[in-house]
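Chain and residue survey
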Amino acid sequence: MTITQFPILDKKIVENLIPQKFPFVMIDKLIAYEEGSVIAGLTVTIDNIFTSNAIFQESGLIEHMAQSVAIYTGYQYFLKNEPAPTGYIGSINGINIIKLPEINDQITTQVIVLHEFMGVTLVEINSSVNGKIIATGKMKTVIAESNE
């Protein structure tokens, strides 16, 4: 089964596209996908492990940004009928957090792939709430080698 209808709002489907599992999943929707970019989202809830005093913390926002990159790769693998690979952040550059989201805010994050080569992906990331940019930055992610 190939899912090509967007947005994908089913949390179970979204969770299967990334290697992270509850309670560490920081995306709950795949809004759009095309070769070279993806848009993912998260509704901030009071029970999120990165929410404190009704504010989604910096570490949660950065993890959300990283998982938005992961769903880009995960969806590519899904299209090939393969499980989402495990990866890790190779580097984070120029993260600028302008405003932290609050409870019930819907974060929308666009990932633009700048370069992809041999399991290494360099991306530019922009996160927004209600159309206003709240965070920007660049990340390099690396797919972990399988020990099969």
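All figures in this text were calculated on a predicted structure; none of them were measured in a lab.

Reading the values: the criteria
- Residues numbered from 1 in each chain as written.
- Predicted model: local features only at pLDDT ≥ 70, side-chain atom pairs only at ≥ 80, totals over all residues.
- Heavy atoms only, no water.
- Salt bridge = Lys/Arg side-chain N within 4 Å of Asp/Glu carboxyl O.
- Buried < 20%, exposed > 50% of the residue type's maximum accessible area, 1.4 Å probe, protein only.
- Phe/Tyr/Trp six-rings, centres within 6.5 Å; stacked < 30°, edge-to-face > 60°.
- Lys NZ or Arg CZ within 6 Å of the ring centre and 35° of its normal.

Before going further, it helps to examine the pattern of salt bridges. Under the criterion given, the structure shown has two salt bridges. K29 serves as the salt-bridge partner of D28, at 2.7 Å between the closest nitrogen and oxygen. Both residues of the pair, D28 and K29, belong to the buried class. The partner of E102 in a salt bridge is K99, with the nearest N and O atoms 3.6 Å apart. Of the residues examined, K99 reaches a relative accessible area of 43% and is grouped as partly exposed.

Counted according to the given criterion, the structure contains five aromatic pairs. Taken together through their ring pairs, the aromatic side chains of F6, Y33, Y72, Y75 and F78 make up a single cluster. When the ring centre of Y77 is taken as reference, the NZ or CZ atom of K80 above it lies at 4.2 Å.

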